[in-house]
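Next come the chains, spelled out residue by residue.
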Amino acid sequence: MAYSSDDIVRFMISQRGQLLGYIWSIVHDEHLAEDVFQDVFIVVCRKSKEIEIADEAHLFRWIRKVARFESLNAARKSKRSPLVFQTEIHELHDVEWANADA
């Protein structure tokens, strides 16, 4: 199912709080989290037509994955590299969210 750009924008805005919380849990900086959210927004809008999105749950999992990669990259660049145990916790969160989405 293809989502229009308007659908993506609406969905991203409706999920902003959850995504910012997820991003913040990785970068531990309010301003950096907002910057990463904006980067994620751009990536999602740019790449949304390249993947087949089954439904909103699939879309949200895909966006979370983008957010995770962007957050880890931003954390490394800002010298706020997440500790090993934090990475393991995020992997557990991803599993829990995937179970909740199912």
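Think of each chain on its own: its residues are numbered from 1, step by step along the sequence as written. Whole-chain, interface and lining totals are the exception, using all residues; otherwise, since this is a predicted model, local features are given only for residues with pLDDT of at least 70 and side-chain atom pairs are given and counted only at 80 or more. Note that the side-chain values use all heavy atoms of the structure and ignore hydrogens as well as water.

Asker: Tell me about the pattern of salt bridges, and please be specific about residues and values.
Answerer: In what follows, salt bridge is the name for a side-chain nitrogen of Lys or Arg lying within 4 Å of a carboxyl oxygen of Asp or Glu. If you walk through the whole model with that rule in mind, you get two salt bridges. One salt bridge in this structure joins Arg10 and Asp7, with 3.6 Å as the shortest N-O distance. Here Asp7 and Arg10 lie together in helix α1 (residues 5-14), a separation of three residues that amounts to about one turn. Among the salt bridges present, the one from Arg16 reaches Glu34, with a minimum N-O distance of 2.4 Å. Within this pair, whereas Arg16 is found in helix α2 (residues 16-27), its partner Glu34 is found in helix α3 (residues 30-47), the two being separated by 18 residues in sequence. Buried, partly exposed and exposed residues are distinguished by accessible area as a fraction of the type maximum, computed with a 1.4 Å probe on protein chains only: under 20%, between the cut-offs, and over 50%, respectively. With a relative accessible area of 22%, Glu34 lands in the partly exposed category. Helix and strand assignments follow DSSP, with helices taken as H or I runs no shorter than four residues and strands as E runs no shorter than two, numbered in order from the N terminus.

Asker: So, the nonpolar core: which residues are in play, and what are the values?
Answerer: Counting 27 residues, the largest nonpolar core has Met12, Ile23, Val27, Val40, Val44, Leu59 and Ile63 as the members making the most contacts within it. For this core, the elements supplying multiple residues, two or more each, are α1, α2, α3 and α4 (56-77). At nine residues, the largest contribution of residues to this core is made by α4. A contact between two residues is defined here by any heavy atoms of the two lying within 4.5 Å. With residues near it in sequence (within four places) discarded, Leu59 still touches Ile8, Phe11 and Ile53. Here, nonpolar core refers to any group of buried Ala, Val, Leu, Ile, Met, Phe, Trp, Tyr and Cys residues whose side-chain atoms link them within 4.5 Å.

Asker: Can you explain the packing of α2 against α4? Please cite residues and give values.
Answerer: In this analysis, axes come from line fits to C-alpha atoms, helices being fitted only over the stretch in contact, and the angle between any two N-to-C directions falls in the range 0 to 180 degrees. At a minimum axis distance of 9 Å, the contact between α2 and α4 shows a crossing angle of 30 degrees. Here α4 runs roughly parallel to α2, going by the angle between their axes. Crossing angle aside, the handedness with which α2 passes α4 is right-handed. Where α2 approaches α4, its residues Gln18, Leu19, Tyr22, Ile23, Ile26 and Val27 are matched on the opposing element by Phe60, Ile63, Arg64, Ala67, Arg68, Ser71, Leu72 and Ala75. Note on residue categories: nonpolar means Ala, Val, Leu, Ile, Met, Phe, Trp, Tyr, Cys or Pro, charged means Asp, Glu, Lys or Arg, and polar means any other residue, Gly included. Its residues assigned to classes, the contact of α2 with α4 comprises 10 nonpolar, two polar and two charged. Angles are sorted into four bins: roughly parallel if under 35 degrees, roughly antiparallel if over 145, roughly perpendicular if 65 to 115, and oblique for all others. In a left-handed crossing the near helix is turned counterclockwise from the far helix by less than a right angle, and in a right-handed crossing that turn is clockwise.

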